[in-house]
Amino acid sequence: MGRDTTDSGRDTPNTGTGPVTVRRGLPAGAERRAAEMYWDAFGRKFGPALNPPDKAVPFIAAHLNADRAVCALLDGQLVGLAGYQLGGRALTGGSASAVLGAYGHVRGLHRLLLLALFERHPAPGQLVMDGIAVDPGMRGRGVGSLLIEEVAAVAAEQQCREIRLDVIDTNPRARALYERRGFTAVRTERTPYLRGLLGFGAVTTMRRAVGTRGAREL
């Protein structure tokens, strides 16, 4: 799964006062928290494919690829999460057989068709970002920017030439963040037929050359 990225997360405020640290990889034992954050950020979009939430969150948690995550921590707590695709693997996993096993063959086939709508694969030399979620209590502290720049560092180390992401038309806040961080819109795919089903009617592809940086986050 992975189409849009956003700067949103859980509704519980975070009151930590220490410095935010960024690390690569999902900390052991944080899978459930990561899945909850991911669902809070993307549940409206993925709901038709993975609802109900009490089934979706455990499914996501069980199929995370921890080494495809960049995490923001405050006082040891996960407060931000970014996923990326590289080497044929993304943060969120789950094979067709896993979906069918969790949701049944009849309902599972329909869900697989919906999930296929969100699939995006890197072109040679690309790293694809496939999800950012930030705790609402941490907004305004530059967490999203920290995560983006760490993903950019991963891309540089992997000798990628550019980072690509897709943002939906109902998420202008995310698009503004990416523009501040040096991303440029290159194509918009209009999908009005999906608005009633998935809640959005257009997807914009944005790219940033590896080695460039955005404006300083205030």
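Everything that follows concerns the structure shown earlier in this document.
Small disclaimer: the values here were computed from a predicted structure and weren't measured. (Residues numbered from 1 in each chain as written. Predicted model: local features only at pLDDT ≥ 70, side-chain atom pairs only at ≥ 80, totals over all residues. Heavy atoms only, no water.)

Undergrad: Describe the packing of aromatic side chains, with residues and values.
TA: Taken as a whole and assessed by the stated rule, the structure comprises 1 aromatic pair. Consider the rings of Tyr 178 and Phe 183, whose centres lie 5.8 Å apart with planes at 70°: the pair is edge-to-face. The exposure classification of Tyr 178 matches that of Phe 183, with both residues buried. (Phe/Tyr/Trp six-rings, centres within 6.5 Å; stacked < 30°, edge-to-face > 60°. Buried < 20%, exposed > 50% of the residue type's maximum accessible area, 1.4 Å probe, protein only.)

Undergrad: I'd like a rundown of the pairing of strand 3 (residues 77-85), residues and numbers included.
TA: For strand 3, the buried fraction is high: 8 of the 9 residues fall into the buried class. One ladder, built from 6 bridges, connects strand 2 (residues 69-74) with strand 3; its direction is antiparallel. Its bridge partner being in strand 3, Ala 69 is matched across the sheet by Gly 83. Across 6 bridges, strand 3 lies against strand 4 (residues 126-134) in antiparallel orientation. When the sheet's bridge partners are listed, Ala 82 is paired in strand 4 with Ile 132. (Helix = DSSP H or I, 4+ residues; strand = E, 2+ residues; numbered from the N terminus. Pairing = 2+ DSSP bridges.)

Undergrad: Would you mind going over unusual backbone geometry in detail, with residue names and values included?
TA: One non-glycine residue, Asp 75, adopts positive backbone phi at about 55°. Tracing the backbone through its elements, the reader meets Asp 75 in the loop between strand 2 and strand 3. Judged by relative accessible area, which is 58%, Asp 75 ranks as exposed. Backbone geometry at Gln 159 places phi at a positive 60°, although glycine is not the residue there. With respect to the helices and strands, the residue Gln 159 is situated in the loop between helix 5 (143-157) and strand 5 (162-168).

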